[in-house]
Amino acid sequence: MKRTMTLNLTEAEMDALEAICEEKGISKTALVRQALRLYKSVDERLARGEKVYVESADKTEKAELMVL
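So, a few notes on the structure that sits alongside this text. Note that this is a predicted model, so its numbers are computed, not measured.

### As for the overall build of the protein
No. 1: The helix and strand tally for the protein stands at 2 helices and 2 strands.
No. 2: Along the protein, from the amino end to the carboxyl end, the secondary structure elements read α-α-β-β.
No. 3: Relative to the compact-globule value of 11 Å for 68 residues, the protein shows a C-alpha radius of gyration of 15 Å, a clear excess of over 25%.
No. 4: Viewed in the frame of its principal axes, the protein has a C-alpha envelope of about 40 × 30 × 20 Å.
No. 5: With 68 residues in all, the protein has 7% of them scored as buried.
No. 6: Counting only carbon and sulfur atoms, one obtains 54% of the accessible surface of the protein, whose full area is about 6400 Å².
No. 7: Here the protein contributes 12 positively and 13 negatively charged side chains, and the mean placements of these two sets differ by 11 Å.

Written out as structure tokens, the structure reads:
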């Protein structure tokens, strides 16, 4: 069953959402769904005590992802 939700964003947030959607060629709904899946995955790992890192392509830089 699908449910509908209204989401209020600032102008800057909406601009960012629209820019990403245009860049990726996806709808706003698809982007929000992807973001939720990503957040859930990261949150579950952090809840298990795991750490999540972002690494540069050449592997010279590595930073731990912090979720607030």
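### Digging into the pattern of salt bridges
No. 1: Under the counting rule described, the total for this entry stands at 5 salt bridges.
No. 2: As a salt-bridge pair, Glu-44 and Lys-40 come within 2.6 Å of each other at their nearest N and O atoms. With Glu-44 and Lys-40 both in helix H2 (residues 28-47) and 4 residues apart, this pair spans about one turn of that helix.
No. 3: By relative accessible area, which is 51% here, Lys-40 ends up exposed.
No. 4: Linking Glu-50 and Arg-45 is a salt bridge whose minimum nitrogen-to-oxygen distance equals 2.9 Å.
No. 5: Several salt bridges converge on common partners, so that one network encompasses Arg-45, Arg-48 and Glu-50.

### Description of helix H1 (residues 11-24)
No. 1: Between the first and last C-alpha of H1 there are 20 Å, a value that for 14 residues agrees with the 20 Å anticipated at 1.5 Å per step.
No. 2: Of the residues trailing H1, Gly-25 is marked for its positive phi of about 70°.

### Focus: the packing of aromatic side chains
No. 1: The final tally for this structure, using the stated rule, is 0 aromatic pairs.
No. 2: Seen from the ring of Tyr-53, Lys-62 lies directly overhead, with NZ or CZ sitting 4.6 Å from the centre.

Conventions we followed
Residues numbered from 1 in each chain as written. Predicted model: local features only at pLDDT ≥ 70, side-chain atom pairs only at ≥ 80, totals over all residues. Heavy atoms only, no water. Helix = DSSP H or I, 4+ residues; strand = E, 2+ residues; numbered from the N terminus. Rg over C-alpha atoms; globule rule 2.2 N^0.38 Å. Buried < 20%, exposed > 50% of the residue type's maximum accessible area, 1.4 Å probe, protein only. Areas by Shrake-Rupley, 256 points an atom, 1.4 Å probe, with all protein chains shown as cover. Lys, Arg positive; Asp, Glu negative; His and termini not counted. Charge placed at Lys NZ, Arg CZ, Asp CG, Glu CD. Salt bridge = Lys/Arg side-chain N within 4 Å of Asp/Glu carboxyl O. Expected span 1.5 Å × (residues − 1). Phe/Tyr/Trp six-rings, centres within 6.5 Å; stacked < 30°, edge-to-face > 60°. Lys NZ or Arg CZ within 6 Å of the ring centre and 35° of its normal.

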